[in-house]
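Next come the chains, spelled out residue by residue.
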Amino acid sequence: IRYHMVEKYDGQKSVQEFIERNLQYSSFRKMAIENAMKQKDYGYVIKLASEGEEQDKSLPGLVKQRKEYRYKVYKLSGKLDEQREIAVNFILGGNYEYYKELKNTYNLKEWAYTYPKIINLLEAQNKTHQDIYTRILIEEEEKHKLLEYVKQRPSSIQYFYKHLVPEFEDEVYMLFRKYIELSAASAKSRSGY
């Protein structure tokens with residue numbers, strides 16, 4: 001209410017000062033960031049977003065939102081290393097849309113060096129964000145790794161078989177057989193069979 005009163009009666013300078021005094025509130029921080037984006041004050045956007053990430057580190061949604069602002073600024077200002085770092089962070093957090101953007105920032109030779117690092121980081125996460133891991137394997141046509149993944153999780157064969165045949169037809173057959181046997185063994189009723 002006070003913000004709207006200041007906005008209505010005191011002018012733009014007072015509004016900016018009021019926002020600056022209330023950055024501890026996420027809505028005011030967001031307004032300050034968006035104003036700085038409009039004015040193309042990218043250094044200030046980065047400062048506000050970074051401080052906000054630290055302030056609200058226990059609130060993952062706000063942290064992600066602030067990182068997205070930093071990502072946009074790094075992209076607009078040509079800070080490629082910082083943009084890539086945040087993209088990798090988003091990928092490890094399960095956001096597939098940043099994968100293609102990250103890939104497009106590299107030439108083929110650089111990507112051949114970077115891609116295995118990303119896959120290793122995803123594999124090190126163990127069971128976290130497996131969807132993005134398998135999507136990347138399919139995108140990059142890593143059929144051997146996909147087959148190894150499916151061997152560890154036989155029930156997933158029903159989703160990935162079309163990416164594995166015809167190269168691994170025998171393995172797919174055996175995995176389906178194993179999956180069916182496991183499903184039958186755990187069935188507890190006639191309809192389950």
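In this text, all values refer to a predicted model and were calculated from it rather than measured experimentally.

Attention shifts here to the environment of Leu62. With respect to the helices and strands, the residue Leu62 is situated in helix α5 (residues 60-77). Between the C-alpha atoms of Leu62 and Gly52, which are 10 residues apart in sequence, the distance is 8.1 Å. When residues no more than four places from it in sequence are discounted, the contact partners of Leu62 are Ser26 and Asp56.

Right, let's talk about the packing of helix α1 (residues 2-9) against helix α2 (residues 12-21) for a bit. For the pair α1 and α2, the least separation of the axes is 8 Å and the interaxial angle reads 160°. One element, α1, and the other, α2, form an angle in the roughly antiparallel class. On α2, the residues that touch Arg2, Tyr3, Val6 and Glu7 of α1 are Ser14, Val15, Phe18 and Ile19. Classifying every residue of the contact of α1 with α2 gives five nonpolar, one polar and two charged.

End to end, α5 covers 25 Å across 18 residues, agreeing with the expected 26 Å (1.5 Å per residue, within 8%). Along α5, the residues classified as buried are Leu62, Val63, Arg66, Lys67, Tyr69, Arg70, Tyr71, Val73 and Tyr74. On its buried face, α5 sits against α3 (26-38), α4 (42-55), α6 (80-92) and α7 (97-104). Downstream of α5 by a residue or two, Gly78 has a phi angle that is positive, lying close to 75°.

If you walk through the whole model with that rule in mind, you get 13 salt bridges. One salt bridge in this structure joins Glu54 and Lys57, with 2.8 Å as the shortest N-O distance. Given a relative accessible area of 60%, Lys57 falls into the exposed group. Between Glu140 and Lys103 there is a salt bridge, and its shortest N-O distance comes to 2.9 Å. Taken as a pair, Glu140 in the loop between α9 (130-139) and α10 (143-152) and Lys103 in helix α7 lie far apart in primary sequence, 37 residues in all. Overall, Lys103 belongs to the partly exposed group, its relative accessible area being 25%.

In this section: the confidence of the model for the protein chain. Summary statistics for the protein chain give a mean pLDDT of 89 and a share of 97% for residues scoring 70 or more. Confidence scores differ between elements of the protein chain, with α1 showing the lowest mean pLDDT of 74 and α6 the highest of 95.

Moving on, we come to the packing of aromatic side chains. Under the definition given, this model contains 11 aromatic pairs. With centroids separated by 6.5 Å and ring planes inclined at 65°, the aromatic side chains of Tyr71 and Phe90 adopt a geometry described as edge-to-face. Taken together, the residues Tyr71 in helix α5 and Phe90 in helix α6 connect sequence positions 19 residues apart. The exposure classification of Tyr71 matches that of Phe90, with both residues buried. Ring plane angle 70° and centroid distance 5.6 Å describe the contact between Tyr99 and Trp111, whose orientation is recorded as edge-to-face. Remark: Trp111 occurs in helix α8 (residues 108-124) and Tyr99 occurs in helix α7; sequence separation between them is 12 residues. Neither residue differs from the other here; Tyr99 and Trp111 are each classed as buried. Ring-pair connections join several aromatic residues into one group, and the members of that group are Tyr96, Tyr99, Tyr106, Trp111 and Tyr115. Sitting over the ring of Phe90, Lys64 keeps its end group 5.9 Å from the ring centre.

Definitions and cut-offs
Residues numbered from 1 in each chain as written. Predicted model: local features only at pLDDT ≥ 70, side-chain atom pairs only at ≥ 80, totals over all residues. Heavy atoms only, no water. Helix = DSSP H or I, 4+ residues; strand = E, 2+ residues; numbered from the N terminus. Contact = heavy atoms within 4.5 Å. Axes fitted to C-alpha atoms, helices over the stretch in contact; angles between N-to-C directions. Parallel < 35°, antiparallel > 145°, perpendicular 65-115°, else oblique. Nonpolar A, V, L, I, M, F, W, Y, C, P; charged D, E, K, R; others polar. Expected span 1.5 Å × (residues − 1). Buried < 20%, exposed > 50% of the residue type's maximum accessible area, 1.4 Å probe, protein only. Salt bridge = Lys/Arg side-chain N within 4 Å of Asp/Glu carboxyl O. pLDDT = per-residue confidence, 0-100. Phe/Tyr/Trp six-rings, centres within 6.5 Å; stacked < 30°, edge-to-face > 60°. Lys NZ or Arg CZ within 6 Å of the ring centre and 35° of its normal.

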